[in-house]
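Each chain is listed here by its residues.
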Amino acid sequence: MSNPYLNHPVGHGDLTAILPVVTPSGSSPLVELGKVDIHCGLFEMPYAEVMAVLPPSLHPSTPVYGSLTFYRVYHSPVGAFEFAVMGIGCRNTIKPRMLTLSAFASTEASAKLLRDNWGFPCEVADVRVRQPYHGAVSEITLNSKCIARMRTEDAEFLLGMARAVRYPQAINLSKVDGKLGLLQVDMVYDYDQSYRGRLIFDTFDAEAITGGRVHPTDLIASTVVTAGLQIKPRRILLDLDHVGGVTKLAEAVTA
Amino acid sequence: MEFGIFHELSVPRPFTRDIERVVFNNALEQTRFADKAGFAAVWCVEHHFLEEYSHASCPDMFLAAIAAQTENIRLGFGIATCVPEMHHAVRLAERAAFLDVLSNGRVEVGTGRSSTWNELGGFGSDITTTKKSWDEYIRALPKMWMEERVRFDGQFVKMPERSVLPKPIQSPHPPMWVAVTAPGTEIDAAERGMGCLALAVGNLEKNAPRFEAYRKRIQTCEPVGAFVNNRIATVNWMFCHEDSNYAKMRMRQLIESFSSMAAQTIEVSQAFPANNYGATGLLGQFRVDPDDEKAKAIPEGLTAGNPQELIDTIKSWESAGVDQMVLMINSREVIPQDEVMASLALFEREVMPHFKKSGIKVSAKEAVHV
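Residues numbered from 1 in each chain as written. Chains lettered and ligands numbered in written order. Predicted model: local features only at pLDDT ≥ 70, side-chain atom pairs only at ≥ 80, totals over all residues. Heavy atoms only, no water.

## Some details on the pattern of salt bridges
Right, on to step 1. Counting across every chain of the model gives 36 salt bridges over all chains.
Right, on to step 2. In this structure, B:Arg231 engages B:Glu108 in a salt bridge whose closest nitrogen and oxygen atoms are separated by 3.1 Å. Here B:Arg231, found in the loop between β9 (227–228) and β10 (232–240), pairs with B:Glu108, found in strand β4 (residues 107–112); they are 123 residues apart in sequence, far enough to count as distant.
Right, on to step 3. Residue class for B:Arg231 comes out buried when judged on its relative accessible area of 6%.
Right, on to step 4. One salt bridge in this structure joins B:Asp188 and B:Lys131, with 2.7 Å as the shortest N-O distance. Residue B:Asp188 is located in helix α6 (residues 185–191), and its partner B:Lys131 is located in helix α5 (residues 130–146); the two are separated by 57 residues in the primary sequence.
Right, on to step 5. Take B:Asp188: its relative accessible area is 16%, and that puts it in the buried class.
Right, on to step 6. Beyond isolated ion pairs, a larger network of salt bridges with shared partners links A:Glu139, A:Arg149, A:Arg151, A:Glu153, A:Asp154, A:Arg198 and A:Asp202. (Salt bridge = Lys/Arg side-chain N within 4 Å of Asp/Glu carboxyl O. Helix = DSSP H or I, 4+ residues; strand = E, 2+ residues; numbered from the N terminus. Buried < 20%, exposed > 50% of the residue type's maximum accessible area, 1.4 Å probe, protein only.)

The structure is reproduced here in structure tokens:
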């Protein structure tokens, strides 16, 4: 007796034709980044565009949405850096995930750290996260051209449980131990303070950020968060073709 | 203990032109049976844009169809969304009263405010004010039903003097309820003298203290309507079969289906974090940590098993102070309709007789008037 409980739509994209395959090679340590500033914008995108990118192992969320998230890191094994990642919100069976389409880091060393350990397809760019009073402004400048300028205005404090903003874990196209899949990045947040505000894009160069494959249509909101951030060792590699298929790389590490 | 049935009208893919008719007709057949079997109420959700999860965008129309096909069963909005971008308060009052007239006074009005980005974002709702608009609506609705002419100058209900028509059959007005998922909403219900429609879905141990808190708080409430609706109804999955293991296997399918559907949608707290959506809602409860084996287990308190197991489970809910068990009996047609009907028939034959004479049945007319 079959139970078609996973009979949801899945993508039909061929990620290997779209994205670079990163081969993580680092020892996959647990990395403490201390207190970081996070600036995240969420927006809806056209369903057809997203389905053409998602692989057959992932369901789209309903409605489909994406995020551009900036991190300002003050302390790391490679020093201070800033980092931006563009992702598509999706579902690995019932679990919310964010499929990385592009990533930008402000230093060679940080790009290498993120690429070698967790498969982020990092390019080196000028990435800046700044927090003027009651908001935030973040930018990515690549090859002297601003490809993203994102602002938060009318920010409101989030209190209680709302402060724990739920950022889905990123998944990155990677080859790990010879196996191609989507490497899950387990980030753990310890929230200090959080705001939600109106999202504004002064610039969003879809060609530079998504290869022109997906475009923001309706902006949802943005969050500005200060949180302790820890990135755990590599643990899970999701299949590209089979819903729910995973390769366990290591046992979970409890913080 | 009373019994109700709860319809989400969840629809399996592929979405053919015929599939919604099949789902709606199956739900109607189940409800006709429930009416004859002596179930107290049928509840229908209101959801929008929730693919598979619920295609019940017009519960008043569904309940009107039920009204025409049944004799006694009460008709519950489970719930009417009190958000101005979705419904003007007058339209909610009109629809509930209209159905009350058509059904000869069988309406129960559940209220709520939605918790998904699909719905609130789809209608361009102001997420930050849904609790406020709900609070204003529930105070306006009884006035619209009871007073010949009303005028409002609120933040969300603002209108010149008009007569909202028709007036309901039930006097002074239909009983009002609140959908309770997030912790603390049971207190909101109690403070306002409204029934607690708890989307508990099992988890008796977790919910029993909330019911107790509701009972305590409602004793000193200030009702928003003309009377206190001091009742607790709790929504629960049900599958009854002589073979306990078979029933539990079916229950697991129901839960898996529901969980996976719920997980595809975006909760408000995921997309638009807001202080009035601080707690994890119903959907989040089904998206458990994959490493947490305990969280993946079937929650205790679910009504799945053979008749004796169901009797025992329902008695434990009764002991916790629940007045009505509202049963969800299918999800996306995962269970064939003939098995659903057989489960209902067995429930009527073997389970319901154990509860018919216990408890105090409270109708709107018997409820405490202020």
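## Regarding unusual backbone geometry
Right, on to step 1. Here the residue pair B:Arg13 and B:Pro14 is connected by a cis peptide bond, since its omega of 0 degrees sits within 30 degrees of zero.
Right, on to step 2. Residue placement: B:Pro14 occurs in the loop between β1 (2–7) and α1 (19–37).
Right, on to step 3. Backbone geometry at A:Asp154 places phi at a positive 55 degrees, although glycine is not the residue there.
Right, on to step 4. Unusually for a residue other than glycine, B:Phe49 sits at a positive phi of about 65 degrees.
Right, on to step 5. Its location among the elements puts B:Phe49 in the loop between β2 (41–44) and α2 (59–69).

## Structural notes on the pairing of strand β12 (residues 187–204) of chain A
On a regular strand, each side chain points to the face opposite its neighbour's, so the side chains alternate between the two faces of the sheet.
All names here are of chain A.
Right, on to step 1. Pairing geometry for strand β9 (residues 145–157) and β12, over eight bridges, is antiparallel. Residue pairing across strands places Glu156 opposite Arg196, the latter belonging to β12.
Right, on to step 2. For β12 and strand β13 (residues 218–231), the ladder comprises 10 bridges, and the chain directions are antiparallel. What sits directly across from Gln193, in β13, is Thr226. (Pairing = 2+ DSSP bridges.)

## Quick look at the side chain of A:Gln184
All names here are of chain A.
Right, on to step 1. With respect to the secondary-structure elements, Gln184 resides in strand β11 (residues 179–184).
Right, on to step 2. On the basis of relative accessibility, which here comes to 5%, the residue Gln184 falls in the buried class.
Right, on to step 3. Ignoring sequence-local partners within four residues, the contact set of Gln184 consists of Arg97, Gln169, Ala170, Ile171, Arg235, Ile236 and Leu238. (Contact = heavy atoms within 4.5 Å.)

## Examining the packing of α1(B) against helix α13 (residues 337–351) of chain B
Two packed helices can be described by the angle between their axes and the distance between those axes.
Residues and elements named next belong to chain B.
Right, on to step 1. For the pair α1 and α13, interaxial distance at closest approach is 11 Å and the crossing angle is 10 degrees. As judged from the angle between their axes, α1 and α13 are roughly parallel. Packed against α1, whose contacting residues are Asn26, Glu29, Gln30, Phe33 and Ala37, the element α13 presents Gln337, Val340, Met341, Leu344, Ala345 and Glu348 at the interface.
Right, on to step 2. Here the contact of α1 with α13 is built from residues that sort into six nonpolar, three polar and two charged. (Axes fitted to C-alpha atoms, helices over the stretch in contact; angles between N-to-C directions. Parallel < 35°, antiparallel > 145°, perpendicular 65-115°, else oblique. Nonpolar A, V, L, I, M, F, W, Y, C, P; charged D, E, K, R; others polar.)

## Topic: the interface of chain A and chain B
Right, on to step 1. In this assembly, 36 residues from chain A lie in contact with 37 residues from chain B.
Right, on to step 2. Around 3100 Å² of area is buried between chain A and chain B when both sides are counted, 53% of it from carbon and sulfur atoms.
Right, on to step 3. Our count for the chain A to chain B interface comes out at one salt bridge.
Right, on to step 4. Note that B:Glu267 and A:Arg166 form a salt bridge whose closest N and O atoms lie 3.4 Å from each other.
Right, on to step 5. Taken together, the links from chain A to chain B amount to 15 residue pairs in polar contact (both at pLDDT 80 or more).
Right, on to step 6. Only β1 (31–44), β2 (59–60), β5 (95–105), β9 and β13 of chain A provide two or more residues apiece to the side of chain A that touches chain B. (Buried area = accessible area lost by both parts, 1.4 Å probe. Polar contact = N/O pair within 3.5 Å; in protein donor to acceptor, adjacent residues only side chain to side chain.)

## As for the packing of aromatic side chains
All names here are of chain B.
Right, on to step 1. Counted according to the given criterion, the structure contains 20 aromatic pairs over all chains.
Right, on to step 2. Judged by centre distance (6.5 Å) and plane angle (65 degrees), the ring pair of Phe24 and Phe62 falls under edge-to-face. Of this pair, Phe24 sits in helix α1 while Phe62 sits in helix α2; the two residues are 38 residues apart in sequence, bridging distant segments of the chain.
Right, on to step 3. Overall, the relative accessible area of 28% leaves Phe24 in the partly exposed class.
Right, on to step 4. On the basis of relative accessible area, Phe62 is assigned to the buried category, the value being 8%.
Right, on to step 5. The interplanar angle of 50 degrees and the centroid separation of 6.3 Å between the aromatic rings of Phe211 and Trp317 together place this pair among those described as tilted. With Phe211 in helix α7 (residues 204–218) and Trp317 in helix α12 (residues 307–319), this pair connects stretches of sequence that are 106 residues apart.
Right, on to step 6. Grouped by ring-pair contacts, the aromatic residues Phe3, Phe39, Phe347 and Phe355 constitute a single cluster.
Right, on to step 7. Cation over ring: Arg113 sits above Tyr277, and NZ or CZ is 4.1 Å from the ring centre. (Phe/Tyr/Trp six-rings, centres within 6.5 Å; stacked < 30°, edge-to-face > 60°. Lys NZ or Arg CZ within 6 Å of the ring centre and 35° of its normal.)

## Observations regarding the confidence of the model for chain B
Right, on to step 1. Averaged over every residue, the pLDDT of chain B is 92; residues scoring 70 or more account for 91%.
Right, on to step 2. Contacts for the low-pLDDT stretch residues 358–370 of chain B, under 50 throughout, to residues beyond four places or in other chains number 24 contacts. (pLDDT = per-residue confidence, 0-100.)

## Observations regarding the environment of A:Asn117
Right, on to step 1. Position of A:Asn117 among the secondary structure elements: in helix α3 (residues 108–118).
Right, on to step 2. Through-space distance from the C-alpha of A:Asn117 to that of A:Val176 is 10 Å; in sequence the pair is 59 residues apart.

## Considering the pairing of strand β10 (residues 169–176) of chain A
Residue and element names in this part refer to chain A.
Right, on to step 1. The element β10 is extensively covered by neighbouring structure, given that seven of its eight residues are classed as buried.
Right, on to step 2. Pairing geometry for β5 and β10, over three bridges, is parallel. Note that in β10 the partner of Arg97 across the bridge is Gln169.
Right, on to step 3. In this structure, β10 lies alongside β11, joined through six bridges in antiparallel fashion. Directly across from Asn172, in β11, lies its bridge partner Leu183.
Right, on to step 4. In this antiparallel pair of consecutive strands, β10 and β11, the connection spans two residues, and Asp177 shows a positive phi of 50 degrees.

## Quick look at the environment of B:Tyr137
All names here are of chain B.
Right, on to step 1. Inspection of the secondary structure puts Tyr137 in helix α5.
Right, on to step 2. Remark: the alpha-carbon pair of Tyr137 and Thr116, spanning 21 residues in sequence, is separated by 20 Å.
Right, on to step 3. Sequence-distant contacts of Tyr137, that is, excluding residues within four places in its chain, are made with Cys82, Val83, Pro84, His87, His88, Ala89, Leu92, Phe156 and Val157.
Right, on to step 4. A polar contact of 2.6 Å, which involves the side chain of Tyr137, links it to the backbone oxygen of His87.

## Here's the deal with α1(B)
Residue and element names in this part refer to chain B.
Right, on to step 1. Over its 19 residues, α1 extends 27 Å from the first C-alpha to the last, a length consistent with the 27 Å expected when each residue adds 1.5 Å.
Right, on to step 2. Where the residues of α1 are buried, they touch β1, β2, α2 and α13.
Right, on to step 3. Of the residues trailing α1, Gly38 is marked for its positive phi of about 100 degrees. (Expected span 1.5 Å × (residues − 1).)

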